Amino acid sequence: MATGGEDIQPSDNDISKTNSVTAAGYSKKCIFCKIVNNEIETELLHCDEEISCFRDIRPGAPHHYLVIPNKHVGNCKSLSKEHVPLVKRMVETGKDILQKNNVTDLSDVRFGFHWPPFCSVTHLHLHVLAPVSQMGFMSRIYYRLNSYWFITADQLIEHLNSKGETN
């Protein structure tokens, strides 16, 4: 539905040649879609055709980045086995950002997602936290391993891969 006199009818065939998100992959109520679409000023540490990365506004560690797909993808509970390559690419992007910021000890890093309903934003986003050993008390709870509310990237990939085996 158009507002303000706009009469634009987006179609799936309407592909933008810029880095802006197409109508098919954009949720106008989503803050992360607005960030990727340059509607909210945020320093992007990485941006390519598929993935963007920026700092978390409430950092839980000295290095706390969010890696997101540029197109709106729901939370991790809505994913299927076909999303495994996307999740792996998100993790690799997170590792690249850490390396660019001189974080080399990957044994003191956490890559993960909040499990619904414990998500503040429904756009898929990978938390990249380092060093884990320097996280404060509350961050250790929010990003706790083996909890009901946080799942590591490896656990999510394993979960998604197992979805295809049950059919």
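Up top is the structure these notes are about.
In every chain, residue numbers begin from 1 and rise along the written sequence. Totals for whole chains, interfaces and linings use every residue, but because this is a predicted model, local features are given only for residues with pLDDT of at least 70 and side-chain atom pairs only at 80 or more, for both listing and counting. Remark: hydrogens and water are excluded; side-chain values derive from all non-hydrogen atoms of the structure.

A.B. asks: Where do I start with the layout of surface pockets in this structure?
C.D. replies: Empty pockets left among the atoms are what a rolling probe the size of a water molecule brings to light. Put plainly, a pocket is an open set of points on a 1 Å grid over the protein atoms alone with protein on both sides within 12 Å along at least five of seven lines, a cavity is a set where a 1.4 Å probe fits but cannot get out, and a lining residue has an atom within 4 Å of a point. Grid points are joined across faces, edges and corners, and a volume is the space filled by probe spheres set on the points. A volume near 600 Å³ is recorded for the largest pocket. In terms of lining, the largest pocket is formed by 24 residues, of which the most central are Asp56, Ile57, Arg58, Leu66 and Ser120. When residues of the lining of the largest pocket are traced back to their parent elements, those giving at least two are helix H1 (31–36), strand S2 (51–55) and helix H3 (137–142). We count a stretch as a helix when DSSP gives it H or I for four or more residues in a row; a strand needs E for two or more, and each element gets its number in order from the N terminus. For the lining of the largest pocket, the element with the highest residue contribution is H1, accounting for three residues.

A.B. asks: How do you make sense of the sheet that holds strand S1 (residues 46–47) when you look at a structure like this?
C.D. replies: One key point about sheets: their strands pair by backbone hydrogen bonds, in either a parallel or an antiparallel sense. Pairing between strands requires that DSSP locate at least two bridges from one strand to the other. A sheet is described by the order of its strands in space; here six strands give the open sequence S1-S2-S3-S5-S4-S6, paired in antiparallel fashion. With one partner strand each, in any of the chains shown, S1 and strand S6 (150–152) form the two edges of the open sheet. Looking at chain direction, strand S4 (residues 110–114) and S6 are connected through three bridges and run antiparallel. Paired with Gly112 across the bridge in S6 is Thr152. The contact criterion used throughout is that any non-hydrogen atoms of two residues lie within 4.5 Å. Only C-alpha atoms enter the line fits that serve as axes; for helices the fit covers just the stretch in contact. Angles between N-to-C directions range over 0 to 180 degrees. The sheet strands contacting helix H2 (residues 84–100) are S1, S2, strand S3 (63–69), S4 and strand S5 (126–130), and the helix crosses S3 at an angle near 145°. Along the sheet face, helix H4 (residues 153–163) touches S4, S5 and S6 and points at about 80° away from the line of S6.

A.B. asks: Explain unusual backbone geometry here, please?
C.D. replies: Most of the time, phi is negative for any residue but glycine, and the peptide bond is trans. Look at the link from Pro116 to Pro117: it is a cis peptide, with omega at 10°. Position of Pro117 among the secondary structure elements: in the loop between S4 and S5. Phi at Asn38 takes a positive value of approximately 60°, unusual for a residue other than glycine. In this structure, Asn38 sits in the loop between H1 and S1. Phi angles above zero are rare outside glycine, and Asn102 is one such case at about 65°. Looking at the secondary structure, you find Asn102 in the loop between H2 and S4.

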